[in-house]
Each structure stands twice: as structure tokens, then as C-alpha cells.
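One letter stands for each residue in the lines below.
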Amino acid sequence: MLPKQDKPACEIHKTRELYWERDMVSHSRFINQTTSLFEEKYVEERVCPVCESNNSRFLFIKTGGIHVQCKSCEMIYLNPVFTDESLTTFYQENHTGQSEMVDDDLEFYSAIYSKGLDLVRKSNPTIKNILDYGCSGGFFLDVASNTGIDNCFGMELNKIEADISKAKGYTIHNGLLQDNPFTDEFDLITLWDVFEHIKDGKSYLNAFREILSDNGLVFLQVPNAMSLAARIMQEHCNVYDGLEHVNLYSPQTLKLIAEKSGFKVVGMQTVIPEMNVLNNYLNYENGYTGSREATNNLLGLISENDLHKHLLGYKIQVVLQKI
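Residues numbered from 1 in each chain as written. Predicted model: local features only at pLDDT ≥ 70, side-chain atom pairs only at ≥ 80, totals over all residues. Heavy atoms only, no water.

Colleague: Lay out the nonpolar core with the relevant residues and their values.
Modeller: Ile 130, Phe 140, Leu 141, Leu 188, Cys 237 and Tyr 240 are the most contacted members of the largest nonpolar core, which totals 45 residues. Breaking this core down by element, the ones donating at least two residues are helix H4 (106-121), helix H5 (139-146), strand S9 (186-192), strand S10 (212-223), helix H8 (228-233) and helix H10 (275-281). Per-element tally for this core: the top contributor is H4, with seven residues. Discounting residues that sit within four places of it in the chain, Leu 188 has contacts with Leu 117, Val 120, Ile 127, Asn 129, Ile 130, Leu 131, Leu 212, Leu 217 and Phe 219. Phe 186, Phe 263, Met 268 and Leu 320 belong to the second-largest nonpolar core, a separate cluster that totals 37 residues. (Core = buried A, V, L, I, M, F, W, Y, C linked by side-chain atoms within 4.5 Å. Buried < 20%, exposed > 50% of the residue type's maximum accessible area, 1.4 Å probe, protein only. Helix = DSSP H or I, 4+ residues; strand = E, 2+ residues; numbered from the N terminus. Contact = heavy atoms within 4.5 Å.)

This is the structure:
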């Protein structure tokens, strides 16, 4: 169970909405005001990033991005998608909203990080070193270090956030995986709300295999495209942002991409039920800033425990082991 928030849920989401609005300002620089889509010079067409099928169906457009679903494996992804060069430029120049948002609500995020570490330790209770890919301001590394993991490393593309992590004493590479300067083999590689930003997840998982120790683990936390919130709210759900969340995974597609990359799933759970958001939305209010009181059930019908039992939470935490 995650800690109860001190502020009402609507107040928390109003703060987060400010970060969302900053994201949209960043996104709008790339949008053609006539078509309301991203300028063609920034994007490229692609096949399904999991099964490589080119047979998809249109779902919806949101903030310049076209969301489609693969007819073969049901993966949801952006097509067209930003080119590698455009994405790299975007992240290098982007604001530090992620680290600010975590810092504003540190108790909640620390609890999420701890749940993920607990899931990892069911498969390996003696993790000795960690690489956090996309480490932002080093907040997960703080939690890991406080639980006795001494060797904490990170990679972060945003220079300001990389510097925040470095100032805490961690060894941080401000760059991409392709330029990996570390000679260590890692027991655990973590990606907290990062994997959905990576266009070619299979190539990254294959690269992670090369720098993992024997029986090394990869931990991913990603938005759940098959969460109850995403299914009900669809384009009104914040898992869909049009630009940054290029791949929207489900439990099924995570298992599939793991198998295709030489991994097996050894642990999976969902977190963040979003009951308050859904109760607002189903009451014809704004899901994130509506006035409904926070509850642990949906319309008195579905409990948090039932929701997570069926992997319907807002985000998925999954542990992969190389084989």
C-alpha cells in the first residue's frame, strides 16, 4: 500500500498539470499549426516496435501525435514517430520537470521506488551494483543507496538533471547508452518511466544484456496501456502525450519484447490504481482535477486489490532476467 497523500488528489494533480502544460509548450514548437500534427521534417514512419508488423489501426490523435495499435500483437505506439536526431535534441533541451515533480512529492515516489526494489529482491536479494538509465535527479539512486546498495551509477541525457545526480556523489554519464563509459558489469539495470520513451526497445534490451552480470536483471516501470484508466479514458489519459511516450506497453507486449530480446519475466506487478481519477471521469468531471474524494474503490464495485490482481494499475513494474 502506498502512503496516503497529505494533499487532496485534485491539488496534487493541479501541480502536475503545470508540468504537463510546460511539456505542451515544448511540444508545440514542433507542431504544424495548420494540420495540428508534427512537422514532417521531425518524424518518420515505422513498423510495430515489438513484432515488426506493418499492419496497424488508427486509434486517435493527441497533441500532434498519431496513436495506432498493432493488429498482430496489440502494441500501442506513435506512428509516425520523431527521428532519433529530433528526439535527442528535444531531451537535451527539455526542462527539468521530472526531477522537480519527484522532488515535490518525494514520499510518494520513494514508496513507488521501494515497491520496485522489493519486487527485484524476490529474484535477487543480494544486488551489489545498479545502473539507473535515465536517472533524472538521482532520486531512485538515493533510495537504493539508503537500502545498502553502495555502487550506484546513472545515465541521464538532460545535462541539468545529470548534474543534480552528480552533485549527490553518484557516478553519472551525461549521454546515451551507445557511449557507455562504464567498465562494470551490473547486477541490476533500472529504467523508471524511461522505456516508453525509447523507440527501439529491443535494441536497448540487447545492449543491456552485454553489460549485465550473470543472471543480471533489468527492471522497467512503464505506463500501462491496458490499465483500467487508459482503457476507459483513452486519449484523455495522461499516459498518452503525443511525443515522448513513443511506445505504450501492456503486460502482454512486455512479455513478448522480453522473449524477443533474450529475457524472461521473473516478476510483474502494477502500481497506482488511479481510483480518484476514474471516479472523477465517470462522474463527468475532469479526471485529474475533479472534486471527487479519494477512495480505494471504483464506484463501490472494484477494489484496489482486485485491480492490481488483474494487472490493471496505471503503471507496470516488471523484472526481466537474461537467459
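Colleague: Can you tell me about H4, naming the residues and giving the values?
Modeller: Across its 16 residues, H4 extends 22 Å between first and last C-alpha, which sits within 8% of the 22 Å expected from 1.5 Å per residue. Looking only at H4, the buried set comprises Phe 108, Tyr 109, Ala 111, Ile 112, Tyr 113, Gly 116, Leu 117, Leu 119 and Val 120. (Expected span 1.5 Å × (residues − 1).)

Colleague: Go over the pattern of salt bridges, please, and point to the residues and values.
Modeller: All told, the structure shown has six salt bridges when counted by the stated rule. For Asp 84, the salt bridge is made with Lys 199, and the minimal N-O distance between the two is 3.0 Å. One end of the pair, Asp 84, is in helix H2 (residues 84-93); the other, Lys 199, is in the loop between S9 and helix H7 (201-210), with 115 residues separating them in the sequence. Look at Asp 84 and you get exposed, because its relative accessible area is 53%. Of the residues examined, Lys 199 reaches a relative accessible area of 13% and is grouped as buried. For the salt bridge of Asp 163 with Lys 159, the shortest nitrogen-to-oxygen distance reads 2.9 Å. Here Asp 163 and its partner Lys 159 are both found in helix H6 (residues 159-167), four residues apart, which amounts to about one turn of the helix. The class for Asp 163 is partly exposed, based on a relative accessible area of 33%. Through salt bridges that share partners, Glu 44, Asp 84 and Lys 199 make up one connected network. (Salt bridge = Lys/Arg side-chain N within 4 Å of Asp/Glu carboxyl O.)

Colleague: Go over a nonpolar patch on the surface with me, naming the residues and quoting the values.
Modeller: Taken together, the side chains of Ile 232, Leu 282, Leu 299, Leu 301 and Ile 302 make up a nonpolar region of the molecular surface, amounting to roughly 430 Å² of accessible area. For Leu 299, the position within the fold is in the loop between strand S13 (297-298) and strand S14 (302-303). Classification of Leu 299 as exposed rests on a relative accessible area of 52%. (Patch = residues over 30% accessible without salt bridge, like charges linked within 9 Å, V, L, I, M, F, W, Y side chains within 5 Å. Areas by Shrake-Rupley, 256 points an atom, 1.4 Å probe, with all protein chains shown as cover.)

Colleague: How would you explain the packing of H4 against H5 if you had to name every residue and give the values?
Modeller: Geometrically, a packed helix pair is captured by the angle between its two axes and the distance between the axes. One way to put it is that H4 packs onto H5 with a least axis distance of 10 Å and a crossing angle of 60 degrees. Here H4 is positioned oblique relative to H5, judged by the angle of their axes. Crossing hand, H4 versus H5: right-handed. Residues Leu 106, Ser 110, Tyr 113, Ser 114 and Leu 117 of H4 touch H5, and the partners they reach there are Phe 139, Phe 140, Val 143 and Ala 144. Of the residues contributing to the contact of H4 with H5, the split by class is seven nonpolar, two polar and no charged. (Axes fitted to C-alpha atoms, helices over the stretch in contact; angles between N-to-C directions. Parallel < 35°, antiparallel > 145°, perpendicular 65-115°, else oblique. Left-handed = near helix turned anticlockwise from the far one by under 90°. Nonpolar A, V, L, I, M, F, W, Y, C, P; charged D, E, K, R; others polar.)

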